[in-house]
Every structure is written in structure tokens, then in C-alpha cells.
Amino acid sequence: EDKVVQSPLSLVVHEGDTVTLNCSYEVTNFRSLLWYKQEKKAPTFLFMLTSSGIEKKSGRLSSILDKKELSSILNITATQTGDSAIYLCAVEPDNTDKLIFGTGTRLQVFP
Amino acid sequence: EPEVTQTPSHQVTQMGQEVILRCVPISNHLYFYWYRQILGQKVEFLVSFYNNEISEKSEIFDDQFSVERPDGSNFTLKIRSTKLEDSAMYFCASSGQPNQPQHFGDGTRLSIL
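Residue positions are counted from 1 within each chain, in the order its sequence is given. Whichever chain is written first becomes A and whichever ligand is written first becomes 1, with later ones labelled in order. Predicted model: local features are reported for residues with pLDDT of at least 70 only, side-chain atom pairs are reported and counted for 80 or more only, and whole-chain, interface and lining totals are derived from all residues. Only hydrogens and water are removed before side-chain values are computed, so all heavy atoms of the structure are retained for them.

Glancing now at the side chain of B:T108. Residue and element names in this part refer to chain B. Along the chain, the position of T108 falls in strand 11 (residues 108–112). Residues adjacent in sequence count toward polar contacts only when both atoms are side-chain atoms; beyond that, a polar contact is any pair of N or O atoms within 3.5 Å, and within protein one must be able to donate a hydrogen and the other to accept it. Among the polar contacts listed, one links the side chain of T108 to the backbone oxygen of P8, at a separation of 2.5 Å. When checking whether two residues touch, look at their non-hydrogen atoms; a contact exists if any pair is within 4.5 Å. In contact with T108, other than residues within four places in its own chain, are Q6, T7, P8, S9, Q11, L21, A88, M89 and Y90. Secondary structure elements are defined from DSSP: runs of H or I of at least 4 residues count as helices, runs of E of at least 2 residues count as strands, and each element is numbered from the N terminus.

This is the structure we're talking about:
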């Protein structure tokens, strides 16, 4: 059965800290891995990764995929209180339309 | 920035009643999706829709559920004869192509009493 596992489930840090969120997956015929940020409502798209070893970066956020290890990490440097959210990892198998989500990592950033 | 919009934001319904959840996808997108998230659980795929027909559906999407694109802008999810376990947040998403990111709406919180 296809599945996505995220760790840690929860993380509490102070502003300015750097955090690393993990996502591992088991899917048949991998196509892509996506990261979303979910605050109170809609999951907001962050990154889409399809190739191993190529870092995607947006401001203080970056992500990389390791297809050999069937995993991805999401890094956030110099965290701010506005980074507090649930970060969702989802995998899209090939030949399908659906996203398979992990349970998410709840990040809380305190001043 | 274009966004997916969903209405209503919260729907409270008696068990056994029918509900229709509405979504307006991003205007130039062609692929539409419904997901649900039961409180405390993962986001789960329900159905995908392209070219006026269902392209894929999950085991959850049984005869109780249906989707429709009644006009050029709206995409609806109908749940007939609602049950207590249908209580969840329902998210609509859209994408321009199947290999492009899916963009989500704010969701409709459905509460069945």
C-alpha cells in the first residue's frame, strides 16, 4: 500500500532557529513529491520535486529529494513566528491523479 | 494571485439530508479534485475530474457521492443521505496539467448532526 510518513509529528522552536522536516515514502511508480504549508485553512503550495539532488529554494525555505532513500527534507532557516503551521508532504504516483498525504509536521515558532 | 474558492465555509446538516459543496477552480485550470480531512487525520483523495467526467475515484467515493461541473466555472460535490462519519473538512483543488501542482481552496467544514 502506498504511504507517506512525516517526522517529527511536532516541533517547537524559538525564532531564529533552523528546522529540518522529514518525509519518507513508499509508492509504486513515483512521479513527484510536493510540500504544502497549512495554516488555518487551505494547504498552500511550497515546492514540487521530481528529480533527486536538485535543491529548490524560496527565501528561507528549501527542499531536496533523495529518490535512492525515498525521502525528502524541508529546511527553514531563521524561523519566524509566521512560519508556525502544519507542513504537509504529499506524493503523486505515476499514472494517477491523486496526492497521497502524510500526517504533517506541526511547527510552532515562539518569539 | 488566482485562487480556488469554496462555499460555504461551514455547513451544518441533519443526518440523512443532502448537501452540495461548491468550488470555483482557478480559471485556466482543467483538472479538478476533491479531498477530505477528518479531524485529526490525513488529507484523503476522493475524486478527480477532467473533460466533464471522473478520471479517478477512491474507495471512499461510493454511490453516496457525485461531482458535477454544471457551468464553465463551478465544480460541485454532492453528498446524498449524509451520515455522521461524513463530518470532515472538504477541500477542492485544481491544476493546469496533471504534472503541475494542485492548488487548494480554503475548504468547507461539514458538520453532520
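Here we come to the sheet that holds strand 8 (residues 75–79) of chain B. All names here are of chain B. Ordered by their spatial adjacency, four strands build an open sheet running 1-3-8-7, and the pairing between neighbours is antiparallel. Lying at the two open borders of the sheet, with one neighbouring strand each, are strand 1 (5–7) and strand 7 (65–68). For this sheet the average axis-to-axis angle between neighbouring strands, irrespective of direction, equals 20 degrees. Strands are treated as partners if at least two bridges between them are detected by DSSP. Pairing analysis gives four bridges linking strand 7 to strand 8, with the strands arranged antiparallel. Across the sheet, S66 pairs through a bridge with K78, a residue of strand 8. As a rule, the C-alpha atoms of each element are fitted with a line to give its axis, helices using only the stretch in contact, and angles between N-to-C directions run from 0 to 180 degrees.

Attention shifts here to the interface of chain A and chain B. Counting residues at the interface gives 19 residues for chain A, matched by 19 residues for chain B. Here chain A and chain B share an interface that buries about 1,600 Å² over both sides, 58% of which is from carbon and sulfur atoms. Any carboxyl oxygen of Asp or Glu that lies within 4 Å of a side-chain nitrogen of Lys or Arg is treated as forming a salt bridge with it. Counting across the chain A and chain B interface gives zero salt bridges. Summed over the shared surface of chain A and chain B, the number is nine residue pairs in polar contact (both at pLDDT 80 or more). Put simply, the parts of the chain that give the side of chain A that touches chain B at least two residues each are strand 4 (30–38), strand 5 (43–49) and strand 9 (85–93) of chain A. With four residues, strand 4 of chain A is the largest single contributor of residues to the side of chain A that touches chain B. Nonpolar residues are Ala, Val, Leu, Ile, Met, Phe, Trp, Tyr, Cys and Pro. Charged residues are Asp, Glu, Lys and Arg, and all others, Gly as well, are polar. Taken together, the residues that form the side of chain A that touches chain B break down as 10 nonpolar, four polar and five charged. Note: buried area is the sum, over both parts, of the accessible area (probe 1.4 Å) each one loses when the two are combined.

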